[in-house]
Amino acid sequence: MSDLSKTAVFIGDTTLRDGEQTAGVVFSAKEKISIARHLDAMGVHELECGIPAMGREERSSIRALVDLGLSARLITWNRALIPDIEASISCGITAVDISLSVSDIMIENKINKSRDWVREQLKRALGFAKEHGLYVCVGGEDASRADSEFLIDLMRIARENGADRFRFCDTLGILDPFTMFEKVGALTAAVPELDIEVHTHNDLGLATANALAGVKGGARYISTTVNGLGERAGNAALEEVVMALKVACGIDVGIDTRRLAAVSRLVGQASNRTVPAWKAVVGEKVFSHESGLHTDGVLKNPSNYEGFPPEEVGLTRHIVAGKHSGTNGIVESYRQIGIPVSREEAQQLISKVRSTAQRLKGPLGPKELMSLHQRMTLSLAAA
Ligand SMILES: [Zn+2]
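Note that the structure is a prediction, hence the values are computed from the model and not measured.

Right, let's get into the overall build of the protein chain. The helix and strand tally for the protein chain stands at 15 helices and ten strands. Scored against the burial criterion, the 383 residues of the protein chain give a buried share of 50%. Look at the contacts in the protein chain between residues 6 or more apart in sequence, and 71% of them connect residues 24 or more apart. Surface accessibility of the protein chain: about 17,100 Å² in total, with carbon and sulfur atoms responsible for 53%. Charge separation in the protein chain, taken as the distance between the mean sites of 44 positive and 48 negative side-chain charges, equals 6 Å.

This part covers the pairing of strand β5 (residues 135–141). Side chains on a regular strand alternate between the two faces of the sheet. With seven of its seven residues buried, β5 lies for the most part within the structure. What you see with β5 is no split at all: Y135, C137, G139 and E141 on one side and V136, V138 and G140 on the other are buried throughout. Across seven bridges, the pairing between strand β4 (residues 95–101) and β5 is parallel. Considered in β5, the bridge of D97 is made with C137.

Further remarks concern the pairing of β4. Where burial is concerned, most of β4 is hidden: seven out of the seven residues are buried. Burial along β4 is two-sided: the face carrying A95, D97, S99 and S101 and the face carrying V96, I98 and L100 are both buried. What joins strand β3 (residues 73–79) to β4 is helix α4 (residues 82–90), and the crossover it makes is right-handed.

Moving on to the pattern of salt bridges. In the structure shown here, the tally under the stated rule is 31 salt bridges. The salt bridge partner of E197 is R167, with a shortest N-O separation of 3.1 Å. Pair noted here: E197 is in strand β7 (residues 195–200) and R167 is in strand β6 (residues 165–170), with a separation of 30 residues, a long-range link. Given the relative accessible area of 1%, E197 is considered buried.

Attention now goes to the sheet that holds β3. Taken in spatial order, the eight strands line up as β1-β2-β3-β4-β5-β6-β7-β8 and close into a barrel, and their pairing is parallel. Ignoring strand direction, the axes of neighbouring strands in this sheet form an average angle of 25 degrees. When β3 meets β4, the two strands line up parallel, connected through four bridges. The residue of β4 that forms the bridge with T76 is V96. Taken strand by strand, helix α10 (residues 238–249) contacts β1 (10–13) and β8 (221–224), and its axis lies near 175 degrees from that of β1.

Reading guide: rules and limits
Residues numbered from 1 in each chain as written. Predicted model: local features only at pLDDT ≥ 70, side-chain atom pairs only at ≥ 80, totals over all residues. Heavy atoms only, no water. Helix = DSSP H or I, 4+ residues; strand = E, 2+ residues; numbered from the N terminus. Buried < 20%, exposed > 50% of the residue type's maximum accessible area, 1.4 Å probe, protein only. Contact = heavy atoms within 4.5 Å. Areas by Shrake-Rupley, 256 points an atom, 1.4 Å probe, with all protein chains shown as cover. Lys, Arg positive; Asp, Glu negative; His and termini not counted. Charge placed at Lys NZ, Arg CZ, Asp CG, Glu CD. Pairing = 2+ DSSP bridges. Right-handed = clockwise from strand over helix to strand, strands pointing away. Salt bridge = Lys/Arg side-chain N within 4 Å of Asp/Glu carboxyl O. Axes fitted to C-alpha atoms, helices over the stretch in contact; angles between N-to-C directions.

Laid out in structure tokens, this is it:
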């Protein structure tokens, strides 16, 4: 296998397009600007920022993003129709995704056309976009269920007509990483001149895994959304993809990961979908340690039980006093609230901490810790 750490991988974030397509999610123009600025500041390479054909309001919010003059490339989503591409051009956009349904299921049952129609439509729309000097990503909707020979055919047509990359969409989120690896590998081998992007959905909880498998198969672009927002179960999450590439594959995509937690909170608020405390990479509590062995290990050296430090994603570590706490964890919990406790005292407190946690069905807060400490000091004074 090639040395992946030397592979250049680009992130095309679609929070502002697929993310906003999440049922019930709407961003205001102001929120879009704020999200775009955050993503740009952290170094995300490309932002898919809307669908100009939707109407005047969408176009004016896209225009406002264009006017920000961001470093990230802005790209819009278009059907393979000339009026759609004209609408994109009218917003000042210079890069377009031209989407076509490519599986026979969709060609027959959704658009009621033929493979030939898809080929012709691709040539027409792509030709128009290239005449206007646009960067073009050809989006293969439902590519994961499409016939691979037909996909290769479309990719060759795309390349011959000047396309810049091909988006392989697992639109329904039904692939497993091994199949994704094989499919992308076969396409890369057949049409090596055309870059592939993987756009993966999370219906089986495999979106991030499939995105990585796509990269291992030769894809150079990954489509993501912050917090994994998106149609149905969502898309591959930006924070997971970036950190998984970095930690598991040794690929640094050049994004400032320390901003991940902040952008996650921002999008959580704007989408009205609070980020669960246990959400991978950016959840507020994912660097919490309670059990005796783990806490002891982390206090000796965080790398004993943390694959990457919380600061790397903009979070902090918490030592939690609860049912599974050990002596060192209790000493640390008291130290965090400004009460120095010796190991001997912590040992006396252990059973009380455990029974309180059992009663609370959760960890002890500063109030409970202080009251246990007070009772212990009083009983020692009385003795
Ligand atoms: Zn999608």
